[in-house]
Every structure is written in C-alpha cells, then in structure tokens.
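Chain and residue survey
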Amino acid sequence: NEGGEVMRKWFCGAAILMCLMAMVTAGCQLNASAENDKYIELGETVHDIRKRYNEPYTAWGLTRVYQIEEDVYQLVIFNLDAKVDKSIEIIPGEGTRNAQGFIPIRFEEPEHYLGLTLEELEVELGPYHVSAGVKGFRPGYISDGGYLICFSVRNSGIVDFIEEHDMLQNKYINTWHIDSE
C-alpha cells in the first residue's frame, strides 16, 4: 500500500515541522520576556527591582537610575510607598524616550524662572515630578535631556536658586540664582 506509506511519511514530516516551529516560537517568546524583564514598570516596588538590579547606577532621594542596556538608562521616581510612580529612559547624547507618569519639561532660558512663586512655576511647568529636597521641599522636574532640575524657594517665597543635576554623572552641572544686592 504505497499511497498509505507516502501519507504516513508526509504526516510524520509535518508533525516534526510543527514541533520545531513550536520550539522556535517558545524560544522567541522566552527571549522577548527576558528582554522585557530588563525594563522597570510603573507600580514595581524597590524590592522587585532589587531582584534584578543589586544597586542603582545613581540615586538621589526618591529618584534612581538603572542601567538597562549598554547605552540605555532608566530613571525612575518612587512614591512614598516605595513603588515606581514615574519613569523615563535616558540615552546619552540623544535625550529621553518612553516617559511614563509625567511629561518631561523643555528647560530653556532658566533665568526666566528666577523670581517666580511656586504657583507661577507650576502654571508654567505643570505639577512637579519629584520633591527634590533633602532638607526641605524643593520642586524637581525631569527635563527632556534627562536632567533633574531643582528649584529652591527660600524665605522670600520666590524661586531664587535653580540647579541642573546630571543623573548619569551624579553631579550638578549648572546653577542659576538671583544675585544678592
């Protein structure tokens, strides 16, 4: 029964091919899952993140930066419950992408913000992204360049000092202030 033998071989070949395709598909899905596990999602806890990353690349208050890939860093801002509230990817030399939970500010002409009240600052830039103060409240915003911009409002009730913090180098790179007379 030559026709039955041909059919049996064809079905065996088709079954082997389907098994190979299933294995390749499963491997691709596992690889995609591992790739996605690198990125930190909104709502993740510090504890969850520590399972994948021992230490952040840099840290400043509630703000942390983790190196996700060779040239991709993810800045996350935690809320007071130690859960990721905001996130953005930083690509050195290129800027930012994939902001979640906020819109980064375009920070041009910093002198314009000196002398504004907190209320005027929020009208111009929107709600602050993070409280950046170590010794008190300092509204902080993440710029579209990936920098943390901190505004100081002292006893005068107006913005009198601005700092631009490079989160990848973990240092202040620019400051602006109202000149004392």
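From a predicted model like this one, the values you see are computed outputs, not experimental measurements.

Summarising the element assignment, Thr63 is placed in strand β2 (residues 63-69). Setting aside residues no more than four positions away along its own chain, Thr63 makes contact with Thr58, Leu75, Val76, Ile77, Val130 and Met167.

This next bit is on the environment of Tyr66. The topology assignment puts Tyr66 in strand β2. Judged by relative accessible area, Tyr66 falls into the buried class, the value being 4%. C-alpha separation for the pair Tyr66 and Pro56, spaced ten residues apart in sequence, amounts to 4.8 Å.

Another aspect to go through is the pattern of salt bridges. Applying the stated criterion to the full structure yields six salt bridges. Notably, a salt bridge pairs Glu89 with Arg97, separated by 2.6 Å at the nearest N-O pair. For Glu89, a relative accessible area of 8% puts it in the buried group. Residue classification places Arg97 among the partly exposed positions, given a relative accessible area of 37%.

To continue, consider the nonpolar core. Residues Trp60, Val65, Leu75, Ile142, Leu148 and Met167 are the most contacted members of the largest nonpolar core, which totals 15 residues. For this core, the secondary-structure elements that each account for two or more residues are β3 (72-78), β4 (84-91) and β8 (147-153). Of the residues forming this core, the biggest block, three residues, is contributed by β3. Apart from the residues within four sequence positions on either side, Leu148 is in contact with Trp60, Val130, Gly140, Tyr141, Ile142, Glu163, Glu164, His165 and Met167. Core analysis: the second largest hydrophobic core is formed by 13 residues, Tyr113, Tyr141, Ile162 and Trp176 among them.

Once that is clear, we can look at the packing of aromatic side chains. One pass over the structure, following the stated rule, counts eight aromatic pairs. Measuring from ring centre to ring centre gives 6.3 Å for Trp60 and Tyr172, while their planes differ by 90 degrees; the resulting arrangement is edge-to-face. With Trp60 in strand β1 (residues 58-60) and Tyr172 in strand β10 (residues 171-177), this pair connects stretches of sequence that are 112 residues apart. With a relative accessible area of 34%, Tyr172 lands in the partly exposed category. With a centroid separation of 6.4 Å and 80 degrees between ring planes, the pair formed by Phe107 and Phe151 is classed as edge-to-face. Of this pair, Phe107 sits in the loop between β5 (95-100) and α3 (118-125) while Phe151 sits in strand β8; the two residues are 44 residues apart in sequence, bridging distant segments of the chain. By relative accessible area, Phe151 is classed as buried at 0%.

Reading the values: the criteria
All residue numbers here refer to positions counted from 1 along the written sequence of the relevant chain. The predicted nature of this model means local features are confined to residues of pLDDT at least 70 and side-chain atom pairs, given and counted, to a pLDDT of 80 or more, with totals for whole chains, interfaces and linings taken over all residues. Processing note: side-chain calculations cover all non-hydrogen atoms of the structure and skip hydrogens and water entirely. Going along the chain from the N terminus, every DSSP run of H or I of four or more residues is numbered as a helix, and every run of E of two or more is numbered as a strand. Contacts: residue pairs with any heavy atoms within 4.5 Å of one another. Residue exposure (1.4 Å probe, protein chains only): buried if accessible area is under 20% of the type maximum, exposed if over 50%, otherwise partly exposed. Between Lys or Arg on one side and Asp or Glu on the other, a salt bridge is scored when a side-chain nitrogen of the former is within 4 Å of a carboxyl oxygen of the latter. Put simply, a nonpolar core is a bunch of buried Ala, Val, Leu, Ile, Met, Phe, Trp, Tyr and Cys residues held in one set by side-chain atoms that sit within 4.5 Å of each other. The aromatic pairing rule takes the rings of Phe, Tyr and Trp, using the six-membered ring of Trp, and pairs them if the centres are within 6.5 Å, calling planes under 30 degrees apart stacked, those over 60 edge-to-face and the rest tilted.

Everything listed here is a matter of geometry and, on its own, says nothing about what the molecule does.
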